[in-house]
Amino acid sequence: MMKDRINELKRQENAAILAHYYVDKDIQALADYTGDSFYLAEVASKLKVDCLIVAGVYFMGESIKILNPEKQVYMIETEADCPMAHMVTVADIMKMREAYEDLSVVCYVNSTAEIKAHSDVCVTSSNAVQIVQGLKEKNIYFIPDENLGAYVKKQVPNKHIILHSGYCPVHHYISTQALEDLKAAHPKAKVLAHPECPQRILDLADFVGSTKGIIHQAGEDSAEEFIIMTESGISYALESTYPNKTFYYLEEFVCQDMKKQNREKLLACLENRDHEVIVDEGIARAALKPLEKMLLLGGKS
Ligand code: CIZ
Ligand code: SF4
């Protein structure tokens, strides 16, 4: 069986599989650790393995490699990339650094290693508010996600937050009408939305939070039904954690890049080891600082 072969190779190669909540459930079921990118980066550093197999998008593999230079890091599928990660340029950052002396460049982890190398601190959805709140600089350049940045700006009004115009195509273009239809069909359901969604969606939500936040909230809230406004791969974690609750998803809430991975490719990755993540040494050294700062400041959420 494929599952047995994967487990056998994993033992043989002293490997661990790290999967993001958005990848296919077949992969999450085989993973050693499943979580958001912050958790995966944190756990990777603690593991005593020789190689890490990452099921997610490329920036996740890059961050894990930068934090674990002594380990071999492989992507199941190198073509699984996040379009938002390429929406901001080094020139954008340089321009802002010239305009403001007292500036912190706050970089959502959904970005390339090169962009991280030019940033001051990384954040993810679960710790962005907390980290921005604690920074000493008054001016914040929040890159690249405009929607997450706008959400942080609302929560941290004492900072001057300048937004970049990047976005996640999956969350940004999600239909308000489709959500309204789902709400009408399930009037008792609470709406839990990810801050990568635009304001028109957050306005209809009962709770706004990261993947980890949404999973936590589904347990805290006494409601029995929820409409989930993020990538539907999160269904695996929600349904296995709360088998007695009911979750509804929008059909269109699918990230094609996250879904480029399957069990066949996972097995091929373990057998062939041909998708190793290599990060330029200079970029890796510079990008390590903002990533480590995130791990230091963002672990208390
Ligand atoms: O940090 C992550 O894993 C992402 C991209 C989203 C989230 O809310 O967890
Ligand atoms: Fe990027 Fe959006 Fe896919 Fe996440 S869901 S990997 S932000 S495109």
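Residues numbered from 1 in each chain as written. Chains lettered and ligands numbered in written order. Predicted model: local features only at pLDDT ≥ 70, side-chain atom pairs only at ≥ 80, totals over all residues. Heavy atoms only, no water.

Caption draft 1: Main features of the site of ligand 1. The immediate surroundings of ligand 1 are formed by His20, Asp36, Ser37, Tyr108, Asn110, Thr124, Ser125, His194, Ser210 and Thr211. Between an oxygen atom of ligand 1 and a side-chain N or O atom of Ser125, the distance comes to 3.3 Å. In the environment of ligand 1, an oxygen atom lies 2.5 Å from a nitrogen or oxygen atom belonging to the side chain of Thr211. Starting from 270 Å² of accessible surface for ligand 1 in isolation, the protein chains cover 98%. A class-by-class count of the residues in the shell around ligand 1 yields one nonpolar, eight polar and one charged. (Near = heavy atom within 4 Å. Polar contact = N/O pair within 3.5 Å; in protein donor to acceptor, adjacent residues only side chain to side chain. Areas by Shrake-Rupley, 256 points an atom, 1.4 Å probe, with all protein chains shown as cover. Nonpolar A, V, L, I, M, F, W, Y, C, P; charged D, E, K, R; others polar.)

Caption draft 2: Up close: the site of ligand 2. As a matter of local geometry, ligand 2 sits amid Val57, Cys82, Pro83, Met84, Asn110, Cys168, Glu196, Cys255 and Met258. Tallied by class, residues from the shell around ligand 2 come to seven nonpolar, one polar and one charged.

Caption draft 3: Spotlight on the packing of helix α3 (residues 37-46) against helix α4 (residues 58-67). The geometry of α3 relative to α4 is characterised by a closest axis approach of 9 Å and an angle of 30° between their N-to-C directions. Relative to α4, the element α3 is oriented roughly parallel. Classified by chirality, the crossing of α4 by α3 is right-handed. Each of Ser37, Leu40, Ala41, Ala44 and Ser45 in α3 lies in contact with α4, whose residues at this interface are Met60, Ile64 and Leu67. (Axes fitted to C-alpha atoms, helices over the stretch in contact; angles between N-to-C directions. Helix = DSSP H or I, 4+ residues; strand = E, 2+ residues; numbered from the N terminus. Parallel < 35°, antiparallel > 145°, perpendicular 65-115°, else oblique. Left-handed = near helix turned anticlockwise from the far one by under 90°. Contact = heavy atoms within 4.5 Å.)

Caption draft 4: Geometry of the pairing of strand β3 (residues 51-55). Counting buried residues along β3, five of its five residues qualify, which places the element largely inside the surrounding structure. Judged by which residues are buried, β3 turns out to be covered on both faces: Cys51, Ile53 and Ala55 on one side and Leu52 and Val54 on the other are all buried. Considered for its hand, the β-α-β crossover made up of β3, α4 and strand β4 (residues 72-75) is right-handed. (Buried < 20%, exposed > 50% of the residue type's maximum accessible area, 1.4 Å probe, protein only. Right-handed = clockwise from strand over helix to strand, strands pointing away.)

Caption draft 5: Spotlight on the state of the cysteines. In total, this model carries zero disulfides according to the counting rule given. We note that Cys107 lacks a disulfide partner, and the nearest cysteine sulfur, in Cys122, lies 4.7 Å from it. Residue classification places Cys107 among the buried residues on the basis of a relative accessible area of 0%. (Disulfide = S-S within 2.5 Å.)

Caption draft 6: Spotlight on the sheet that holds strand β11 (residues 225-229). The parallel open sheet is built from four strands, whose spatial order is β10-β9-β11-β12. Only two strands of the sheet have a single partner each, and these edge strands are β10 (207-208) and β12 (246-249). Sheet topology note: the strand β9 (residues 190-193)/β11 ladder contains four bridges and is parallel. Its bridge partner being in β11, Ala193 is matched across the sheet by Met229. (Pairing = 2+ DSSP bridges.)

Caption draft 7: Main features of the environment of Tyr58. When you line up the elements, Tyr58 lands in helix α4. The spatial distance from the C-alpha of Tyr58 to the C-alpha of Cys82 is 7.1 Å, given a sequence separation of 24 residues. With residues up to four places along the chain from it excluded, the contact list for Tyr58 reads Met75, Thr78, Ala80, Asp81, Val277 and Ile278.

Caption draft 8: Examining the nonpolar core more closely. Leu52, Ile53, Met229 and Leu266 are the most contacted members of the largest nonpolar core, which totals 88 residues. The leading source of residues in this core is α4, at six residues. Residues Ala218, Ile234, Leu238 and Phe247 belong to the second largest nonpolar core, which totals 14 residues. (Core = buried A, V, L, I, M, F, W, Y, C linked by side-chain atoms within 4.5 Å.)

Caption draft 9: Up close: α4. Most of α4 sits out of view: ten of its ten residues are buried. Along α4, the residues that are buried comprise Tyr58, Phe59, Met60, Gly61, Glu62, Ser63, Ile64, Lys65, Ile66 and Leu67.

Caption draft 10: Quick peek at the packing of aromatic side chains. Considering all chains together, one arrives at three aromatic pairs under this definition. Taken together, a centroid distance of 5.7 Å and an interplanar angle of 20° make the contact between Phe226 and Phe247 stacked. Of this pair, Phe226 sits in strand β11 while Phe247 sits in strand β12; the two residues are 21 residues apart in sequence, bridging distant segments of the chain. Neither Phe226 nor Phe247 differs from the other in exposure class; each is buried. An angle of 45° between the planes, with centres 6.4 Å apart, marks the rings of Tyr242 and Phe247 as tilted. Taking the relative accessible area as the measure of exposure, Tyr242 reaches 17% and is therefore buried. Exposure remark for Phe247: the relative accessible area of 8% places this residue in the buried category. Put simply, the rings of Phe226, Tyr242 and Phe247 pair up and form one aromatic cluster. (Phe/Tyr/Trp six-rings, centres within 6.5 Å; stacked < 30°, edge-to-face > 60°.)

Worth remembering: the numbers are spatial, not functional.
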